[in-house]
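Now for the letters of each chain:
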Amino acid sequence: MRVDGVLETCLYATDLEAVRRFYQEVLGLELFAEQAGRHLFFRVGQGVFLVFNPEATLQETALPPHGAQGPGHVCFRV
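Presented here is an overview of the structure given in this document. (Residues numbered from 1 in each chain as written. Predicted model: local features only at pLDDT ≥ 70, side-chain atom pairs only at ≥ 80, totals over all residues. Heavy atoms only, no water.)

### Comments concerning the pairing of strand β4 (residues 47-52)
Most of β4 sits inside the fold, with 6 of its 6 residues counted as buried. Neither face of β4 is exposed, since Gly47, Phe49 and Val51 on one face and Val48, Leu50 and Phe52 on the opposite face are all buried. Here 5 bridges tie strand β1 (residues 8-12) to β4, and the two strands are oriented parallel to one another. Along β4, the bridge assignment pairs glutamate 8 with valine 48. Bridge analysis of strand β3 (residues 39-44) against β4 gives 6 bridges, and the strand direction is antiparallel. When the sheet's bridge partners are listed, phenylalanine 41 is paired in β4 with leucine 50. (Buried < 20%, exposed > 50% of the residue type's maximum accessible area, 1.4 Å probe, protein only. Helix = DSSP H or I, 4+ residues; strand = E, 2+ residues; numbered from the N terminus. Pairing = 2+ DSSP bridges.)

Put into structure tokens, the structure is as follows:
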């Protein structure tokens with residue numbers, strides 16, 4: 001088995017509108033799914049970049065929660 005890429009990367013942010021502006025307008029990523037106040041999903045090559053609002057997802061009981069505290073990091077190859 002050989003690892004040849006990243007399938008998905010998750011980060012967490014409470015200000016999803018600021019996230020949308022940066023990743024769509026500055027980096028030009030394609031937004032392909034969203035749920036207001038909960039998440040934004042962007043396409044990056046063959047993988048996906050997921051941004052969840054931890055305040056919203058930690059309240060859920062039906063879906064697995066997504067939430068983290070502290071710094072996160074993602075590095076895109078351009």
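### Looking at the packing of aromatic side chains
Any aromatic ring pair is given by two values, namely how distant the centres are and how the planes are angled relative to each other. Using the criterion set out here, one finds 7 aromatic pairs in the structure. Considering the side-chain rings of phenylalanine 32 and phenylalanine 41, the 6.1 Å spacing of their centres and the 50° angle between planes classify their relative orientation as tilted. Take phenylalanine 41: its relative accessible area is 16%, and that puts it in the buried class. Here the aromatic residues Tyr12, Phe32, Phe41 and Phe52 are joined through ring pairs into a cluster of three or more. Arginine 43 extends its terminal NZ or CZ atom over the ring of phenylalanine 32, reaching a point 4.3 Å from the ring centre. (Phe/Tyr/Trp six-rings, centres within 6.5 Å; stacked < 30°, edge-to-face > 60°. Lys NZ or Arg CZ within 6 Å of the ring centre and 35° of its normal.)

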